[in-house]
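A closer look at the structure
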Amino acid sequence: MFKLAQKLLPQQHQRLLQCSAVMRRFISTSDEVKSVDTINGLPTELVNEQKLKKTTRTLSTLQNHSVPIAARVTVSKDESRDFMAVFPDVVRDLTSATKAYNCSDAAKWFAQVLQYNVPRGKKNRGILTVLTYKNLVPAEELTPENIKLAQYLGWCVEMLQSFFIISDDVMDNSTTRRGQKCWHKVENVGLTAINDALMIENAMYAILKQHFSHLDCYVALMELFHEIAYITTCGQSLDLLNSHKRVSEFTMENYKAIVDNKTAYYSFYLPFALAMHLAGYKDAEAFRQSKTILLEMGHFFQVQDDFLDCFGNPEVTGKIGTDIQDNKCSWLAVVAMQRANAEQKQIMIDCYGQNDPLKVERVKELYKELSLPSTYAIFEEESYNMIKTHIQQTSRGVPHQTFLQILNKIYQRDS
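Worth saying up front: this structure is predicted, and the values here are computed from it rather than measured.

In terms of helices and strands, the protein chain carries 18 helices and four strands. The buried share of the protein chain, reckoned over its 415 residues, is 53%. Counting contacts in the protein chain only where the partners sit at least 6 residues apart, residues at least 24 apart contribute 76% of the total. Just so you have it, the protein chain exposes about 19,800 Å², and 50% of that area is on carbon and sulfur atoms.

Structure follows, in structure tokens:
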């Protein structure tokens, strides 16, 4: 991304790129780490430049905002309320479809599954689908019927998200999600959660058939959901396979592959591309440009998620982080191994991927010794600026503000 920006940015942005070059010395995207003079773990050149600033931004996740930044740029209460108002219709449609197969008990159970799992999160992906659609079509096309179609699409995205979450929590044996017990930890659920996840995934296609089969974009919508579901499960496979490796084997290349496939496609590209299809977009180049930007946002988002898993407040994030215990190939672990000396690498090898609370705490302390919170803060700001620049270079019909609305929502989030 840095090389692309260097080609595209005008002369007045070169100073920013020079700072980026400094950053690349200690946030390497390869496995080769260059030795540089440091002060408290940070490059001397960068520390001196930072001293020239009148103020420095405290790491956003660790600040005590009176109003969290993420909340300042979130969707309106009306938008959220209107989206939630459609969910009972989704539950009714799906329970009716289940009863049609002489499965009344299953329909009753499925209603509980849907209500516990699907609407409990922030619903960012679903509402993003609706907001993007509204930004892409002329005002005269924003009829109640069309808006409700976009909302149904949004709930399909939320259902796909729930399918992934339930499955992921079972595989990781997680205990909390979205501020409540993981579904498989609820009394009388257990491994029934696996079938519940499959029901949610397949019910999503029932909604698509019922409400979109009469539209020209129906096949494109179906194919997109199938493609993204497959890509995401491939990413989950990469994530699980890497969790069985030693931390010394983690690479930034593998990390990027996991992030793109497991998170970026379904969290960012899917909602956006669905809205484009519903809005009547046909230009392949517009989809290509959008995908490039949205995958960059997805990478940015996942690095944030990795940081919050370790340093975030569970009362704010709604979950207790387990990346260290689960031996996950996280951004923090990869960068730590890149920057660590031989002794520090041995600490990572001895402590990472262990359930011992003392070893988990030792890894977190090592992250601090390596100045990873400061590294992350710089990465966050630099990534935001680079993605913003990339957005300004797009030219194929999608309004820049549509992308910026998403970027500004995730920048400096704390949950």
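What follows continues from the structure just given.
Attention now goes to a nonpolar patch on the surface. Together, Leu 191, Ile 194 and Leu 198 give the surface a local cluster of nonpolar side chains, amounting to about 290 Å² of exposed area. The exposure class of Leu 191 is exposed, given its relative accessible area of 63%.

Within this structure, the stated rule accounts for 17 salt bridges. Between Asp 239 and Lys 328 there is a salt bridge whose closest N-O contact spans 3.4 Å. One end of the pair, Asp 239, is in helix 10 (residues 218-242); the other, Lys 328, is in the loop between helix 13 (314-317) and helix 14 (331-339), and 89 residues separate them in sequence. Put simply, Asp 260 and Lys 256 hold a salt bridge, and the shortest N to O gap is 2.7 Å.

This part covers the confidence of the model for the protein chain. Chain-level pLDDT for the protein chain is 84 on average; 81% of the residues reach the 70-or-more range. Between residues 1-42, whose pLDDT stays under 50, and residues either more than four places distant or in other chains, the model counts 75 contacts. The low-confidence segment residues 47-74, where pLDDT is below 50, has 37 contacts with residues more than four positions distant or belonging to other chains.

On to helix 9 (residues 192-212), then. Between the first and last C-alpha of helix 9 there are 30 Å, a value that for 21 residues agrees with the 30 Å anticipated at 1.5 Å per step. Listing the buried residues of helix 9 in full gives Ala 193, Asp 196, Ala 197, Ile 200, Glu 201, Ala 203, Met 204, Tyr 205, Ile 207, Leu 208, His 211 and Phe 212. Tucked inside the fold, the buried residues of helix 9 contact helix 5 (77-99), helix 6 (104-117), helix 8 (144-172), helix 10 and helix 11 (252-278).

What follows concerns the packing of helix 6 against helix 9. As a packed pair, helix 6 and helix 9 sit with axes 10 Å apart at the nearest point and diverge in direction by 85 degrees. Regarding the angle of helix 6 to helix 9, the classification is roughly perpendicular. Contacts from Trp 109, Phe 110, Val 113 and Leu 114 of helix 6 reach helix 9 at Thr 192, Asp 196, Met 199, Ile 200 and Ala 203. Of the residues contributing to the contact of helix 6 with helix 9, the split by class is seven nonpolar, one polar and one charged.

Criteria and cut-off values
Residues numbered from 1 in each chain as written. Predicted model: local features only at pLDDT ≥ 70, side-chain atom pairs only at ≥ 80, totals over all residues. Heavy atoms only, no water. Helix = DSSP H or I, 4+ residues; strand = E, 2+ residues; numbered from the N terminus. Buried < 20%, exposed > 50% of the residue type's maximum accessible area, 1.4 Å probe, protein only. Contact = heavy atoms within 4.5 Å. Areas by Shrake-Rupley, 256 points an atom, 1.4 Å probe, with all protein chains shown as cover. Patch = residues over 30% accessible without salt bridge, like charges linked within 9 Å, V, L, I, M, F, W, Y side chains within 5 Å. Salt bridge = Lys/Arg side-chain N within 4 Å of Asp/Glu carboxyl O. pLDDT = per-residue confidence, 0-100. Expected span 1.5 Å × (residues − 1). Axes fitted to C-alpha atoms, helices over the stretch in contact; angles between N-to-C directions. Parallel < 35°, antiparallel > 145°, perpendicular 65-115°, else oblique. Nonpolar A, V, L, I, M, F, W, Y, C, P; charged D, E, K, R; others polar.

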